[in-house]
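So you can see what is in the structure, the chains are spelled out below.
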Amino acid sequence: MFSKNTYNQRRQQLKNDLYSGLLLFLGNDETGMNYADNVYHFRQDSTFLYYFGLDQPNLTALVDLDEGKSIIFGDELSVEYIVWMGPQPTIAQQAAEVGVLTTLPAKELSNYLEKNKNRPIHYLPPYRAKHSIKLHQLLDIPLDKVAENASAELIQSVVKQRSIKTAEEIVEMEKAVNVTGQMHTTAMKMARSGMIEAELAGAVEGIAVGSGGNLAYPVIMTVNGQTLHNHYHGNTLEEGQLVLGDYGAETTMHYAGDITRTFPVAQKFTSRQKDIYNLVLKAEEDCIAALRPGVLYRDMHLKSAKIILDGLKDLGLTQGNMDDALEAGAYGLFFPHGLGHQIGLDVHDMENLGENYVGYRQGLERSKLFGLKSLRLAKELQAGYVLTVEPGIYFIPELIDLWRAEGRYKEFINYDKVETYKDFSGVRIEDNVLITETGYRVLGNPIPKTVEEVEELRNAQGGTM
Ligand code: GLY
Ligand code: MN
């Protein structure tokens, strides 16, 4: 964890923003996978980690703004638990490490809230059913009203603070990217025609876990990169295919990396693969080069879409006026997701607090256009933001068939040519970038990205011909 000073300062910022009332933060609990004692990997809630640092289940925290104190509620481990799971420092000892001097048994929480029920009690939107039920019981709010009664003021304060990464957080994020880089270079070196995707997926997961952390999200390792969040790992790698790998390590402090690379199963890209790959690379690199405080990230999304449309026109896949095609949203056929999102303790940072708080603002509403509506971050960038830049080009047979049948954007899309790419799959390239006072910094050691760098890695290890 960070020093207690960090956590004290973070909680002080909440007081500066909200002045008065109680702030209730629910830590996560263990959840049974197939029976209560066989649990999913435990992951603490990120906002709980941010303000209280304690990485264990069954804790709740309260900040009493008027009393000027924080309290952690939780029960000490019984000796029966210690017999099975081993000893732990007491909750009071752990709380002191993060500057919290008052701890109480879990059952005292409801008494505390009951005594203070006439004061404002702020909480964040729950994303686990157990938390919804707990809030319903503790605060006597109907279950179906729990989410809508979450505190907009608290959400805004947390988002404002967590969006600006401090130097000590950047150190962690850079560690996450560097482990993620090792995962990618390992996959690029070991992939062979005849392997199952799962062999690569398992190898990269092993590196994340072996670093002492974990995966930040489930591995995407697929020869069907056109399926955006493809978690199936049962295909056999074949000559001529591309492998799209999108995965990231989470550090022991739970900061995430989120990197995507695409490489050929063969030693070299085919010329058709190279054309599409270089177009995605140009979109990624040109957008990164334009990053600085004040830039509207939606403009970066549109910039990448325009690069993609123009490049596809050179390849005969699009036609007509590409400014008009951009305006109309024709790029959604090839680039149906957003250019990127904030990243931090969550891979899609703070998404549980509401994407519109994290990526939009009043006066900048989410588009309804296919493709653009999936943009998670649209607003002006600020120094201290860390975000992903991840353009892609995909040939999704089902979408091509549908749009062609509807005649959608037929003035801009050369469907006859697009048909010939239906077996192409997809290319995405993604890096994690810090916005600095004057521009940007790509986090971590460089991970091979140009065609030459990727082919060199494939060749160095004798990838298949
Ligand atoms: N890494 C997956 C995503 O950003 O959605
Ligand atoms: Mn991403």
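Relevant structure appears above.
Thresholds applied
Residues numbered from 1 in each chain as written. Chains lettered and ligands numbered in written order. Predicted model: local features only at pLDDT ≥ 70, side-chain atom pairs only at ≥ 80, totals over all residues. Heavy atoms only, no water. Helix = DSSP H or I, 4+ residues; strand = E, 2+ residues; numbered from the N terminus. Buried < 20%, exposed > 50% of the residue type's maximum accessible area, 1.4 Å probe, protein only. Donors = N, O, S within 2.8 Å, 3.2 Å for Na, K, Ca; no water. Pairing = 2+ DSSP bridges.

This part takes up unusual backbone geometry. The backbone of H254 shows a phi angle near 80 degrees, a positive value even though the residue is not glycine. With respect to the helices and strands, H254 occurs in the loop between β11 (249-250) and β12 (259-264). Taking relative accessible area as the criterion, H254 reaches 8% and is therefore assigned buried. We note that S425 has phi near 80 degrees; this positive angle belongs to a residue other than glycine. Position of S425 relative to the elements: it lies in the loop between α15 (415-419) and β15 (426-428). By relative accessible area, which is 5% here, S425 ends up buried.

Take the coordination of the manganese ion (ligand 2) next. Protein coordination at the manganese ion (ligand 2) comes from D258 (OD), H341 (NE2), E390 (OE) and E430 (OE), with a distance range of 2.1 to 2.3 Å. In terms of primary sequence, the donors binding the manganese ion (ligand 2) are separated according to D-x82-H-x48-E-x39-E. Residue H341 is located in the loop between α12 (322-328) and α13 (355-359), and its partner E390 is located in the loop between β13 (386-389) and β14 (392-394); the two are separated by 49 residues in the primary sequence. Note on accessibility: H341 and E390 belong to one class, buried.

Our next topic: the pairing of strand β10 (residues 242-247). Where burial is concerned, most of β10 is hidden: six out of the six residues are buried. The two faces of β10 match: L242, L244 and D246 on one face and V243, G245 and Y247 on the other face are all buried. Strand direction decides the pairing type here: strand β9 (residues 220-222) and β10, joined by three bridges, are antiparallel. Considered in β10, the bridge of M221 is made with G245. Looking at chain direction, β10 and β12 are connected through six bridges and run antiparallel.

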